[in-house]
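Here's the letter readout for the chains.
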Amino acid sequence: MAVANTTKISWRLQEFEAHSSSVSCLALGRNSGRLLATGGGDCRVNIWAVSKANCIMSLTGHKNPVECVQFNMSEEQVVAGSQSGSIRVWDLEAAKILRTLMGHKSSITSLGFHPFGDFLASSSMDTNIKLWDVRRKGYVFRYKGHTEAVRSLAFSPDGKWLASASDDSTVKLWDLTQGKIITEFKSHTAPVNIIQFHPNEYLLASGSSDRTIKLWDLEKFTMIGSLEGDTTPVRSVFFSSDGSCLYSGATDSLRIFGWEPDRCFDVVPVGWGKVSDLAVCNQQLIGVSHQLSSVSSYVVDLKRVKKNAGSVIRGIIQDNQPLAEPNDVKGSALRRSYERPTTTCSTQRVKRRSDTDRRSPEGERRSPSEDEADEKLSSAEIHNAEDFKEIFQPKNAISRTPPKMSEPFPAPPEDETILAIGRQLKDMISAFPEKQQAPPLASSTPVQRVEPTVVSLAKRPTPSAVVPASPPPQPPVSTSRSKPKIILSCRNEPIGLNVADFLPSSPNNRGAALSDDEALSQLKKGHDTMCVMLRSRHKNLETVRSVWVREDIKSALDAAVSMNDLSIVVDILNIINLQPTLWRLDLCTTIIPQIDQLLHSKYESYIQTGCTSLKLIMKHFWTLIFETLKATPSVGVDITREERHQKCRAICKQLKNLSNLVKNKALQVGRHGSAFRELQLLMAPLDDSL
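In this text the structure is predicted, and so the values were computed from the model without any measurement.

1. Brief notes about the side chain of serine 32
So, step 1. By the element assignment, serine 32 lies in the loop between strand E2 (23-28) and strand E3 (35-40).
So, step 2. With a relative accessible area of 0%, serine 32 lands in the buried category.
So, step 3. Engagement of the side chain of serine 32 in a polar contact is seen with the backbone nitrogen of arginine 34, the distance being 3.1 Å.

2. Re the sheet that holds strand E28 (residues 294-301)
So, step 1. One open sheet holds the 4 strands; their spatial order is E1-E28-E27-E26, and the pairing between them is antiparallel. One side of each edge strand has no neighbouring strand; the edge strands of this open sheet are strand E1 (10-17) and strand E26 (277-281). The average undirected angle you get between the axes of adjacent strands in this sheet is 20°.
So, step 2. Both E26 and strand E27 (residues 284-291) contribute to a ladder of 5 bridges, which runs antiparallel. Following the sheet pairing, aspartate 277 is matched in E27 by valine 288.

3. A short note on helix H12 (residues 527-550)
So, step 1. Spanning 24 residues, H12 covers 35 Å between terminal C-alpha atoms, matching the ideal 34 Å at 1.5 Å per step.
So, step 2. Taken together, the buried positions of H12 are Asn540, Val544 and Val547.
So, step 3. Each element contacted by the buried residues of H12 is listed here: helix H13 (553-562) and helix H14 (566-576).

4. Thoughts on the pairing of strand E23 (residues 246-250)
So, step 1. Where burial is concerned, most of E23 is hidden: 5 out of the 5 residues are buried.
So, step 2. Burial of E23 is two-sided: the residues Leu246, Ser248 and Ala250 facing one way and the residues Tyr247 and Gly249 facing the other way are all buried.
So, step 3. In this structure, strand E22 (residues 236-239) lies alongside E23, joined through 4 bridges in antiparallel fashion. Following the sheet pairing, phenylalanine 238 is matched in E23 by tyrosine 247.

5. Some details on the pairing of strand E15 (residues 161-166)
So, step 1. Among the 6 residues of E15, 6 are classified as buried, and the element is accordingly described as predominantly covered.
So, step 2. Alternating residues of E15 divide into Trp161, Ala163 and Ala165 and Leu162, Ser164 and Ser166, and every residue in both groups is buried.
So, step 3. Sheet analysis places strand E14 (residues 150-155) next to E15, joined by 5 bridges and oriented antiparallel. Bridge assignment links serine 152 to a residue of E15, and that residue is alanine 165.
So, step 4. Between E15 and strand E16 (residues 171-175), which pair antiparallel and follow one another directly, the connecting turn spans 4 residues, one of which, serine 169, has a positive phi of 70°.

6. What about the confidence of the model for the protein chain?
So, step 1. For the protein chain, per-residue confidence averages 75 on the pLDDT scale, and residues scoring 70 or more make up 71% of the total.
So, step 2. Per-element confidence in the protein chain is highest for strand E18 (residues 192-197), whose mean pLDDT is 93, and lowest for helix H8 (residues 439-442), whose mean pLDDT is 35.
So, step 3. Below pLDDT 50 for its whole length, residues 309-333 participates in 37 contacts with residues either more than four positions away or in separate chains.
So, step 4. Segment residues 343-369 is flagged for pLDDT under 50; beyond a separation of four residues in sequence, or across chains, it makes 47 contacts in the model.

7. Observations regarding the nonpolar core
So, step 1. Ranked by size, the top nonpolar core spans 45 residues in total, and within it Ile591, Leu614, Ile625 and Leu655 carry the most contacts.
So, step 2. At the level of secondary structure, the elements contributing two or more residues to this core comprise H12, H13, H14, helix H15 (585-599), helix H16 (604-630), helix H17 (639-665) and helix H18 (670-682).
So, step 3. If one sorts the elements of this core by residue count, H16 sits on top with 11 residues.
So, step 4. Here leucine 655 is in contact with Ile592, Leu614, Ile617, Met618, Ile625, Met683 and Leu686, once residues within four sequence places are set aside.
So, step 5. If you look at the next biggest cluster of nonpolar residues, it comprises 19 residues, including Ile47, Ile56, Met57 and Ile97.

8. Things to note about the packing of H15 against H16
So, step 1. Contact pair H15 / H16: the axes reach a minimum separation of 9 Å and the direction vectors enclose 145°. In the packing of H15 onto H16, the handedness of the crossing is left-handed. Mapping the contact onto sequence places Leu585, Cys588, Ile591, Ile592, Ile595, Leu598 and Leu599 in H15 and Tyr606, Ile607, Gly610, Cys611, Ser613, Leu614, Ile617, Phe621, Leu624 and Ile625 in H16.
So, step 2. Residues belonging to the contact of H15 with H16 are distributed by class as follows: 15 nonpolar, 2 polar and no charged.

9. Looking at unusual backbone geometry
So, step 1. Residues glutamate 260 and proline 261 are joined by a peptide bond in cis, for which omega reads 5°.
So, step 2. Along the polypeptide, proline 261 turns up in the loop between strand E24 (253-258) and strand E25 (263-269).
So, step 3. Residues other than glycine seldom take positive phi values, yet cysteine 43 does so here, at roughly 70°.
So, step 4. Residue placement: cysteine 43 occurs in the loop between E3 and strand E4 (45-49).
So, step 5. Located in the positive-phi region is leucine 292, a residue other than glycine, with phi close to 55°.
So, step 6. Inspection of the secondary structure puts leucine 292 in the loop between E27 and E28.

10. A short note on the pattern of salt bridges
So, step 1. In this structure the tally under the stated criterion is 16 salt bridges.
So, step 2. A salt bridge links lysine 615 to aspartate 167, with the nearest nitrogen and oxygen atoms 3.7 Å apart. You can see lysine 615 sitting in helix H16 and its partner aspartate 167 sitting in the loop between E15 and E16, a full 448 residues away along the chain.
So, step 3. Residue classification places lysine 615 among the partly exposed positions, given a relative accessible area of 21%.
So, step 4. Residue classification places aspartate 167 among the buried residues on the basis of a relative accessible area of 6%.
So, step 5. With a shortest N-O distance of 2.2 Å, glutamate 184 and lysine 172 are connected by a salt bridge. One end of the pair, glutamate 184, is in strand E17 (residues 180-185); the other, lysine 172, is in strand E16, and 12 residues separate them in sequence.
So, step 6. On the basis of relative accessibility, which here comes to 5%, the residue lysine 172 falls in the buried class.

Conventions adopted
- The residue count restarts for each chain, going from 1 along the sequence in the order it is written.
- In view of the model being predicted, local features appear only for residues whose pLDDT reaches at least 70, and side-chain atom pairs are presented and counted only at 80 or more, with totals across whole chains, interfaces and linings using the full set of residues.
- The side-chain values count all of the structure's non-hydrogen atoms but skip hydrogen atoms and water molecules.
- The secondary structure listing takes helices from DSSP runs of H or I that are at least 4 residues long and strands from runs of E that are at least 2 residues long, numbered from the N terminus.
- Relative accessible area decides the class of each residue, using a 1.4 Å probe on protein chains only: under 20% of the type maximum gives buried, over 50% gives exposed, and in between gives partly exposed.
- Distance and chemistry together define a polar contact, namely a pair of N or O atoms within 3.5 Å, with one atom able to donate a hydrogen and the other to accept it when in protein, and with adjacent residues in sequence counting only for side-chain atoms on both sides.
- Only strands joined by at least two bridges in the DSSP assignment are considered to pair.
- Orientation is described by lines fitted to C-alpha atoms, with helices fitted over the stretch in contact, and by angles between N-to-C directions that extend from 0 to 180 degrees.
- Here, expected helix span is obtained from the residue count minus one, scaled by 1.5 Å.
- We call two residues in contact when some of their heavy atoms are within 4.5 Å.
- The pLDDT score gives, residue by residue, the confidence of the prediction method on a 0 to 100 scale.
- The nonpolar core is taken to be a set of buried Ala, Val, Leu, Ile, Met, Phe, Trp, Tyr and Cys residues, with the residues joined through side-chain atoms within 4.5 Å.
- What makes a crossing left-handed is the near helix being turned counterclockwise from the far one by less than a right angle; a clockwise turn instead makes it right-handed.
- As a working rule, the residues Ala, Val, Leu, Ile, Met, Phe, Trp, Tyr, Cys and Pro are called nonpolar, Asp, Glu, Lys and Arg charged, and the rest polar, with Gly in that last group.
- By salt bridge we mean one thing: a side-chain nitrogen of Lys or Arg within 4 Å of a carboxyl oxygen of Asp or Glu.

Set out below in C-alpha cells:
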C-alpha cells in the first residue's frame, strides 16, 4: 500500500456539497493552506478545514449572493463581497461581524488584505478600486482608471503598492500613499484573470485568458518574460515560497515555470477543472475548484515534480543554478528585493490621508442605528465546536493555524477513477449509489443547519462504513443532479452513458454483473454515430477554413452560418474572440443573430461563447453605433455613410432585443447570472441613450 502511495503525483482529496445553492467563489488560507472559505448564492460564507468532513462555521449577514471571499494574512479574519456591492469583515476568533463597508455600486469582483495594518482593497464591476481602513467606516482612497471589471488585486510584500488586473487586458500598478497610478502594462491580448507579486524580488506575474503568463520587472517597468504552454485560460498563479519557480493553474493542469530564460519545468495533469485558488504547504500544492453547489480539493506532491536545478529540465542546459540559492543571494544577484517595514510608519501616512479623504465618500453615509441593525443581522454560526476551538482558539495564543499542519495529506491507495467507475472493484462499489460522484455526497453525515458535508476519500474503500447510509439518500441525490437544464462544459459524468449499466442490479444479486464483452458493447454504444458527427463537423470546418483563406473572415462566417450548425459557429467565434482586431462592423450584423441562439442554448460552453462575443461588440462598437445614429444628416449624397448608418440601425435593434434577454437571465444565481449581470451593465447605455 505504501508503494502505491509513492507513485502518485496528484489526487483528489475530497468533494462535498458546500452550499444549498450554487457556489460562486472560494479562497484558501495562504498561511496554512488548511483553511477554506466558500461563498454562495444562499448569501452565506462557510468556513472549512481542508480534508475535514464538516463545516466549521457559517457566516450570515449578506442579503445578496456572495461573489468574492478572502482571508487575511494571519487567517484570523475573512472578508466577503456581495452582488449588491456591500463588504463584510468577520473576526473568526471572536466569531462575530467586525465591520460592514458600503460604497461600491455593483457586484464585488476581488478583495485583498494589506500585509501590514488593518487595510483592505476591493474592486467591483463598477471598475473602481477602493482602499478601506477596517477600523473605520468609509474608504481611504479610490483608484480609477480601468475601463472594465477588475478581476484581481494584490498588495506588494512591502505594502507600498497595489496591483490590479482587469478585463480590459491591462495590469495597473498603484502607489497606495499617493493614490495614483505608477505604471500600466498592456502586453496581454485578453482579460487578465490573476496577478501575484514575487515574495522577494521586484517582480510581478499576471495570468490571462490569452493563455500566457507575463512577468514584469518593477524596477524598469518592462516585461522580462512571457510564459506560454497553457492550452486554456490561466486562472491562478502562485510563486513558490523561495521564489524559485511559478505554479500556473489552468483547466485540468498544473505547470511549473522558470524564467530568465523562460522555460517549463514540468506539466502535471490534475482533474480539478477550472481551478479557483492555489496554496502550498508541506511540499504539497492544494488546489480548489467549484461546480454548481459542490467544491473539490486536489493535492499535488511537489516533491515529485520538476521545479528546480535538482531536476532534469527538458532539453535545457541547467543554467538555473541560482534558483536553488538562498533568497537574499538570488534577489541581490538579479534585481532589487522588497524592504519590509519593521514598524507601522507607512500605514500611519495612509491614516493621515484617510482622515481628509474619508469626509466625502459616495454612497456609504449611514446612520449609527442603521449600522448597528445591520450588524445584528450578521452572525457566525459555529457548527463544529471542537474544530473551531482547535483552530481559532488554540492554547498557545501565538499559533493561529489548524492542527496537524506538519503532516502532509496522504495519497489514496487506489486510483479514484477506478473506484468511481467500478470496473476493477465491482463487489465493493455495488453498495454505492448509481452516480459516479454521488457516493461522497450521499454517504455523508449532515450537520445541524448546514447542508454541506463530505466523506473523505480515505474512507471510501471501507464498504461497511457506507453501506447503511447509501441506500436511503440515493433518490434525492440522483434527482438533484438532474435538475440543471444547462449541460456543463466540464462534467464528471459522460452524457448518454449510465454507470449503473456496468454494475450488478443489487448487492444481493452479484451474478447479474455484465461480462467484459457486454460492458465493451455498452461503452461503444453510440460510438459510430459520434464518429460520423465528428467527421461531418471536421469537414465543415475545413470548408470554412478554405473560404477564410481564399476570401475573408466575413465570407467564412457567412459560410459557417449557412451550414445551420451552431457548433461550427461556436468554433469560429472562439477563434475571433481571442483576436478583437479581426472584428468589423459588418461582422456584427451576422454574429448578433447567432449570439441570440447561443444564449438560448442548453450548452454552457455555447452560452459562454455568446457572452464573450456580445461583450466584445459592446466594448468595441457601441461608441461608433451611438455616434453614427445621433449624428446630424450630412449634406449631399454619401453612400458609404448611408450604408454604415443602416448597419448601425440594424445592429442597435438587434442589441435591444438581446438586452431584454440579458436582463431576464441576469436574475439567475451562480456564474451564469454573474456573466449576464456584467453584460447588463455594459448594455445599460441602450436604455439610457436610445
